[in-house]
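What follows is the residue order along each chain.
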Amino acid sequence: MTPLLDSWQDTVATLDWCRRWVGYNEEGKSNRTIFAGMAGHRNGFAWCATFISAAMKQMQVSVPAPILVASSRTMFAEAKKRGLNVPMTSIRAGDVVHMTRGSVTAWLGHVGIVESVEGDTLVTIEGNTNSRGSATGGSVLRHRRSKTAWNLGAWRPDYKPANPNIRFILKLDDGRLVAWKGEMQDGKRAVTHVPTIPAAEVLLASGFVQVDYSGPVFVK
């Protein structure tokens with residue numbers, strides 16, 4: 001994981017944020033979720049695009065505001081208008097992918113974020129889906145779909161942070177959790193011990209991102 005910590009251009013932080021929500025279920029069957037508040041959207045509406053918008057806003061990814069809307073079709077149209085669309089032949093982790101629901105000219109759509117690429121298959125994390133792959137299923141889940149399933153297109157966010165003070169909780173090989181705020185000492189990451197799981201949860205809620213790490217650290 002070391003190279004990922006050293007390069008925000010890799011999408012580890014945003015994808016890790018999305019992974020933490022896999023298994024989340026909306027409140028009842030009303031399309032009400034925690035993500036509406038995070039994204040600045042109205043609650044109670046189809047929320048696959050709201051989940052993506054929340055990820056980008058919570059991780060401070062630099063995405064023009066008109067893209068981060070509650071409609072998947074509008075999201076893709078706005079990203080394409082700004083030249084952010086990418087061909088499926090160049091798809092990579094962190095890209096946002098869109099499919100139609102019904103006619104290509106209809107307004108209905110669905111969106112997910114690519115976790116990994118396995119040949120002609122994309123592993124995605126999607127909001128408002130279910131185990132059958134529905135686009136209105138009420139949960140955040142991981143799916144494997146062919147590239148061709150995402151027939152509307154894809155776009156690539158700019159993963160440079162608006163705030164350069166990236167903060168991580170590192171899970172070390174021995175199981176310890178330590179907090180790292182970017183400081184180095186003698187070529188090692190200068191970290192502080194995180195003594196309990198509740199303490200780690202507090203840090204995660206304040207914007208820290210947890211990753212596994214096997215490199216050298218200096219415990220302050």
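Provided above is the structure to which this section pertains.
An account of the accompanying structure is given in this report. Numbers given to residues run from 1 along each chain, matching the order in which its sequence is written. Under the rules for a predicted model, residues below a pLDDT of 70 receive no local features and side-chain atom pairs below 80 are neither given nor counted, while totals for whole chains, interfaces and linings still include all residues. Each side-chain value is worked out from all heavy atoms of the structure, with water and hydrogens disregarded.

**Remarks on the packing of aromatic side chains**
Operational definition: When two rings of Phe, Tyr or Trp (its six-membered ring) have centres within 6.5 Å they constitute a pair, described as stacked for plane angles under 30 degrees, edge-to-face for angles over 60, and tilted for the intermediate range.
Considering all chains together, one arrives at 10 aromatic pairs under this definition. One aromatic cluster in this structure is built from Trp 17, Trp 21, Tyr 24, Phe 35, Trp 47 and Phe 51.

**A closer look at the pairing of strand S11 (residues 188–194)**
Put simply, the rule reads: What makes two strands pair is DSSP finding at least two bridges between them. Numbering of helices and strands runs from the N terminus, with a helix taken as a DSSP run of H or I at least four residues long and a strand as a DSSP run of E at least two residues long.
Sheet analysis places strand S10 (residues 177–185) next to S11, joined by six bridges and oriented antiparallel. Its bridge partner being in S11, Gln 185 is matched across the sheet by Lys 188. Across three bridges, the pairing between S11 and strand S13 (residues 217–219) is parallel. Following the sheet pairing, Ala 190 is matched in S13 by Phe 218.

**Structural notes on unusual backbone geometry**
Keep this limit in mind: Residue exposure (1.4 Å probe, protein chains only): buried if accessible area is under 20% of the type maximum, exposed if over 50%, otherwise partly exposed.
Even without being glycine, Asn 31 reaches a positive phi, approximately 65°. Its place among the elements puts Asn 31 in the loop between helix H2 (12–20) and helix H3 (35–39). Positive phi outside glycine occurs at Asn 128, with the angle close to 60°. For Asn 128, a relative accessible area of 1% gives the class buried.

**Points about the environment of Asp 173**
To keep it simple, the criterion reads: It only takes one pair of heavy atoms within 4.5 Å for two residues to be counted as in contact.
Positionally, Asp 173 belongs in the loop between strand S9 (168–171) and S10. In sequence terms Asp 173 and Tyr 213 are 40 residues apart; their C-alpha atoms lie 6.9 Å from each other. Here Asp 173 is in contact with Tyr 213 and Ser 214, once residues within four sequence places are set aside.

**Topic: the nonpolar core**
Under the convention used in this document: To qualify as a nonpolar core, a set must consist of buried Ala, Val, Leu, Ile, Met, Phe, Trp, Tyr and Cys residues joined through side-chain atoms within 4.5 Å.
Counting residues in hydrophobic clusters, the biggest one holds 41 residues, and the most contacted among them are Trp 17, Phe 35, Phe 51, Met 56 and Leu 170. Sorting the residues of this core by element identifies H2, H3, helix H4 (48–58), helix H5 (72–81), strand S4 (109–118), S9, S10 and strand S12 (209–212) as the ones contributing at least two each. At seven residues, the largest contribution of residues to this core is made by H4. Those residues in contact with Met 56, other than ones at most four positions away along the chain, are Thr 14, Val 61, Val 63, Leu 68, Val 96, Ile 113, Pro 157 and Tyr 159. Val 86, Val 97, Val 114 and Trp 150 belong to the second largest nonpolar core, which has nine residues in total.

**A look at the pattern of salt bridges**
Threshold: Any carboxyl oxygen of Asp or Glu that lies within 4 Å of a side-chain nitrogen of Lys or Arg is treated as forming a salt bridge with it.
Applying the stated criterion across every chain, the model contains eight salt bridges. Among the ionic pairs, Arg 142 bridges to Glu 115, the shortest N-O distance being 2.6 Å. Residue Arg 142 is found in strand S6 (residues 139–146), and its partner Glu 115 is found in strand S4; the two are separated by 27 residues along the sequence. The class of Glu 115 is buried, set by a relative accessible area of 13%. The salt bridge partner of Glu 126 is Arg 145, with a shortest N-O separation of 2.8 Å. Within this pair, whereas Glu 126 is found in strand S5 (residues 121–129), its partner Arg 145 is found in strand S6, the two being separated by 19 residues in sequence. Across the pair, Arg 145 and Glu 126 agree in class, each one buried.

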